[in-house]
Amino acid sequence: KARGSRAGWYQSKQNIAEITRKVTVVDTTAPVITLKGEAVLIHEGATAYTDEGATVTDNLDTDLAIAVTGTIDVLKLSEQTLTFDATDSSGNKATSLTRKVTVVDTTIPVITLLGEAEVTINELGVYTEAGATAVDTVNGDLTAAIVTVTDLNADKPGVYTVTYDVTDTTGNKAVRIVRTIQVLD
């Protein structure tokens, strides 16, 4: 009996099987980008644009950077696009998001009168027009585009006007400026 138990013990040690399982952990989940703010914006031209940006989350990576392509030119009146992308450390690319920014010009030009708004001259006197300047946020100096209308007759006593008007390239009309000229007898 002793011998049989020893043989059984030896035999049971030889029937032990070992299995090795190789487990490879992979990341196939793409990061997710979320825009801050609206995806479609209207922005006034010639004013500073600061994008609100975006956030990115991932199932494993906690410190992902967002790559932004495109710029917003605030002097270019058009629809412009910013694209937001991210890739995690496993090479998974997020679905790109875009923000469309339409740069518009709704600001009117400003006319500034040179000289006095009210002028008095004597009949048959000499009147020298002092003029005006005009500036627009997008178009810049519009002085050369000012349209001047006058009904002045320096030979006849009365009250006359010189009207200054200008329109920017987008069609925004400035507030008209008027100079009053009084011709004395």
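For clarity, every value in this text was computed on a predicted model and none was experimentally measured.

Peer 1: Hey, could you run me through the overall build of the chain in this one?
Peer 2: When its secondary structure is counted, the chain shows 1 helix and 13 strands. Going residue by residue from the N terminus, the α and β elements of the chain occur as α-β-β-β-β-β-β-β-β-β-β-β-β-β. Within the chain, buried positions represent 29% of all 185 residues. Accessible area of the chain: about 12500 Å², with a carbon and sulfur share of 53%.

Peer 1: For this particular structure, what's the right way to read the sheet that holds strand β9 (residues 132-136)?
Peer 2: Where strands meet in a sheet, backbone hydrogen bonds hold them as pairs that are either parallel or antiparallel. What the 3 strands build is an open sheet, ordered β7-β9-β10; its pairing is antiparallel. Each edge of the sheet is formed by a strand with only one pairing partner; in this case those strands are β7 (110-113) and β10 (140-141). Note: β7 against β9, 4 bridges, orientation antiparallel. If you follow Ile111 over to β9, its bridge partner there is Ala134.

Peer 1: Would you explain the sheet that holds strand β12 (residues 158-165) in this entry?
Peer 2: Ordered in space as β8-β13-β12-β11, the 4 strands form an open sheet in which the pairing is mixed. Both edges of this open sheet fall to β8 (118-122) and β11 (147-150), since each of them pairs with a single strand only. Taking each pair of neighbouring strands and ignoring which way they run, the sheet shows an average axis angle of 20°. Where β12 and strand β13 (residues 177-184) come together, 7 bridges link them in antiparallel fashion. Bridged to Val159 within β13 is Gln182.

Peer 1: Explain the environment of Glu123 to me, please; I cannot follow it from the model alone.
Peer 2: For Glu123, the location among the structural elements is in the loop between β8 and β9. Exposure remark for Glu123: the relative accessible area of 29% places this residue in the partly exposed category. For the pair formed by Glu123 and Gln182, sequence separation is 59 residues and the distance between their alpha carbons is 9.3 Å. Excluding its chain neighbours within four sequence positions, the residues that come into contact with Glu123 are Ala154, Asp155, Lys156, Pro157, Val183, Leu184 and Asp185.

Peer 1: Before we go on, may I ask you to explain the nonpolar core in this structure?
Peer 2: One broad trend across soluble globular proteins is that nonpolar side chains are buried collectively. Counting residues in each nonpolar core, the largest one holds 16 residues, and the members touching the most others are Ile111, Ile121 and Val166. Looking at this core, the elements with two or more residues in it are β8, β9, β12 and β13. Looking at this core element by element, the count peaks at 3 residues for β12. Residues contacting Val166, with those up to four places away along its chain left out, are Pro109, Ile111, Ala134, Leu142, Ala145, Ile146, Asn172, Lys173 and Ala174. The next biggest cluster of nonpolar side chains, apart from the first, holds 14 residues, and it includes Ile33, Leu35, Ile72 and Val101.

Peer 1: Got a minute to help me understand the side chain of Glu44 in this structure?
Peer 2: Residue placement: Glu44 occurs in strand β2 (residues 40-44). Of the buried charged residues, Glu44 lacks a salt bridge, with Lys173 as the closest side chain of opposite charge at 17 Å. Looking at Glu44, its side chain comes within polar contact range of the side chain of Thr106, at 2.5 Å. One polar contact links Glu44 to Thr107, side chain to side chain, over a distance of 2.9 Å. Those residues within four positions of Glu44 in sequence are excluded, and the remaining contacts are Val104, Asp105, Thr106 and Thr107.

Peer 1: Is there a simple way to think about the side chain of Asp27 in this case?
Peer 2: Looking at where Asp27 falls in the secondary structure, it is placed in the loop between α1 (2-14) and β1 (32-35). Among the polar contacts listed, one links the side chain of Asp27 to the side chain of Ser90, at a separation of 3.4 Å.

Peer 1: Help me out: how do you make sense of the pattern of salt bridges in this one?
Peer 2: Where charged atoms of side chains with opposite charge meet at close range, the side chains can pair. For the structure on display, the rule yields 3 salt bridges. The shortest N-O distance in the salt bridge between Arg179 and Glu129 comes to 3.0 Å. Here Arg179, found in strand β13, pairs with Glu129, found in the loop between β8 and β9; they are 50 residues apart in sequence, far enough to count as distant. Residue class for Arg179 comes out buried when judged on its relative accessible area of 1%. A relative accessible area of 31% places Glu129 in the partly exposed class. Close ionic contact of Asp165 with Arg176 constitutes a salt bridge, the shortest N to O distance being 3.1 Å. Taken together, the residues Asp165 in strand β12 and Arg176 in the loop between β12 and β13 connect sequence positions 11 residues apart. Looking at Arg176, the relative accessible area reads 56%, which means it is exposed.

Conventions and cut-offs
- Along each chain, residues carry numbers from 1 onward, in the same order as the chain's sequence is written.
- Restriction of local features to residues with pLDDT of at least 70 applies here, the model being predicted, together with a cutoff of 80 or more for giving and counting side-chain atom pairs; totals for whole chains, interfaces and linings are based on all residues.
- Only hydrogens and water are removed before side-chain values are computed, so all heavy atoms of the structure are retained for them.
- Runs of H or I in DSSP of at least four residues are treated as helices and runs of E of at least two as strands, each being numbered from the N terminus.
- Here the term buried applies to any residue with accessible area under 20% of the maximum for its type, exposed to any over 50%, and partly exposed to those in between, with areas from a 1.4 Å probe on protein chains only.
- To measure how exposed things are, a 1.4 Å probe is used in the Shrake-Rupley method; for residues, cover is taken only from the protein chains shown.
- Any two strands are treated as partners once DSSP identifies two or more bridges connecting them.
- Axis definition: a line fit to C-alpha positions, over the contact stretch in the case of helices; interaxial angles, taken between N-to-C directions, run 0 to 180 degrees.
- The contact criterion used is simple: two residues touch if any of their non-hydrogen atoms lie within 4.5 Å.
- Nonpolar cores were defined as sets of buried Ala, Val, Leu, Ile, Met, Phe, Trp, Tyr and Cys residues, with membership established by side-chain atoms within 4.5 Å.
- Residues scored as charged are limited to Lys and Arg (positive) and Asp and Glu (negative), so that His and the chain ends carry no count.
- Every case where a carboxyl oxygen of Asp or Glu lies within 4 Å of a side-chain nitrogen of Lys or Arg is listed as a salt bridge.
- Under the rule applied, a polar contact is a pair of N or O atoms within 3.5 Å (in protein, one hydrogen donor and one hydrogen acceptor; residues adjacent in sequence only if both atoms are side-chain atoms).

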